[in-house]
Amino acid sequence: MMNKIPDSVIEMKLRLSGSGMQKIFKITFRVEEGEKLLKASRCYLSTTAGPIAGLLFVSTLKIAFCSEKSLTISSTNGGLIRTPYKVVIPIEKIKRVEESQNINKPKQKYIEIVTVDHFDFWFMGFVNYDKAFKTLQKSINTSQQ
């Protein structure tokens, strides 16, 4: 009997590493010495192509997002590559983190991260929005001290 191929990058990493968000974080992103994962949250990253489901990791040094499913992109040699969608924002590059909500649907809350070079990242669909936002604020406030 053949093993089922994992449907998502995260499912595959969980199978390879056992369980635990700390392990997924370390496998997916380069972790600096002394860096600590504060919180991992399932959410969506808003992109021009639509929302992408994944995990948002908040550490003492960075905010990092990895999509649940790999995306197919064209390679330079004309072939196709399957790769997770990743975003890494060093804490010191964050200008501000703001809360937002849909005026017509107040339960739909968003977190906007603006970088010092004026890039905007919008995260939404959190299971526990308030806890995710507070952890982001804590990470940024701690790094600025």
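Just so it is clear, the model here is predicted, and its values are computed rather than measured.

Quick word on the pattern of salt bridges
(1) Moving on: Across all of its chains, the model carries 4 salt bridges by this definition.
(2) Moving on: The salt bridge partner of K62 is E35, with a shortest N-O separation of 3.0 Å. Of the two residues, K62 is situated in strand β3 (residues 62-74) and E35 in the loop between α2 (21-28) and β1 (37-47); the sequence distance between them amounts to 27 residues. When sorted by exposure, K62 lands in the same class as E35, which is buried.

Quick word on the pairing of β3
(1) Moving on: In this structure, strand β2 (residues 50-59) lies alongside β3, joined through 5 bridges in antiparallel fashion. The partner of G54 across the bridge, within β3, is S67.
(2) Moving on: Turn length for the β2-β3 hairpin, with the two strands adjacent in sequence and antiparallel, is 2 residues.
(3) Moving on: Both β3 and strand β4 (residues 80-90) contribute to a ladder of 10 bridges, which runs antiparallel. Its bridge partner lying in β4, C66 is registered against K86.
(4) Moving on: Taking the residues between adjacent antiparallel strands as the criterion, β3 and β4 are bridged by 5 residues, where G78 takes a positive phi near 95 degrees.

Details of the nonpolar core
(1) Moving on: Counting residues in each nonpolar core, the largest one holds 22 residues, and the members touching the most others are I63, I111, I113 and F123.
(2) Moving on: Mapped onto this core, the elements with two or more residues apiece are β1, β2, β3, β4, β5 (94-101), β6 (109-115), β7 (120-124) and α3 (129-143).
(3) Moving on: With residues near it in sequence (within four places) discarded, I63 still touches L56, F57, V58, V87, V88, I89, I91, I94, I113 and L136.
(4) Moving on: Formed by 8 residues, the second largest nonpolar core is a distinct cluster that contains I24, L37, L55 and A64.

Considerations on the confidence of the model for the chain
The predicted structure's coordinates, where accompanied by low pLDDT, should not be read in detail.
(1) Moving on: Looking at the chain as a whole, its pLDDT mean stands at 84, while 84% of the residues score no less than 70.
(2) Moving on: Taken element by element, the predicted model of the chain shows its lowest mean pLDDT in helix α1 (residues 9-17) (52) and its highest in β7 (96).
(3) Moving on: Within the model, the stretch residues 1-6 combines pLDDT values under 50 with 5 contacts to residues more than four positions away or in other chains.

Regarding the packing of aromatic side chains
(1) Moving on: Scanning the model with the defined rule gives 7 aromatic pairs in all.
(2) Moving on: Summarising the aromatic geometry, the rings of F29 and F57 are spaced 5.8 Å apart at their centres and angled 70 degrees between planes, so their arrangement reads as edge-to-face. Linking F29 in the loop between α2 and β1 with F57 in strand β2, this pair joins segments that are 28 residues apart in sequence.
(3) Moving on: Residue classification places F57 among the buried positions, given a relative accessible area of 0%.
(4) Moving on: Among the aromatic residues, those joined into a cluster by ring pairs are F25, F29 and F57.

A look at the side chain of T47
(1) Moving on: Topologically, T47 is positioned in strand β1.
(2) Moving on: A distance of 2.5 Å separates the side chain of T47 from the backbone oxygen of G50, its partner in a polar contact.
(3) Moving on: Discounting residues that sit within four places of it in the chain, T47 has contacts with I52 and Y85.

Conventions used here
- Residues numbered from 1 in each chain as written.
- Predicted model: local features only at pLDDT ≥ 70, side-chain atom pairs only at ≥ 80, totals over all residues.
- Heavy atoms only, no water.
- Salt bridge = Lys/Arg side-chain N within 4 Å of Asp/Glu carboxyl O.
- Helix = DSSP H or I, 4+ residues; strand = E, 2+ residues; numbered from the N terminus.
- Buried < 20%, exposed > 50% of the residue type's maximum accessible area, 1.4 Å probe, protein only.
- Pairing = 2+ DSSP bridges.
- Core = buried A, V, L, I, M, F, W, Y, C linked by side-chain atoms within 4.5 Å.
- Contact = heavy atoms within 4.5 Å.
- pLDDT = per-residue confidence, 0-100.
- Phe/Tyr/Trp six-rings, centres within 6.5 Å; stacked < 30°, edge-to-face > 60°.
- Polar contact = N/O pair within 3.5 Å; in protein donor to acceptor, adjacent residues only side chain to side chain.

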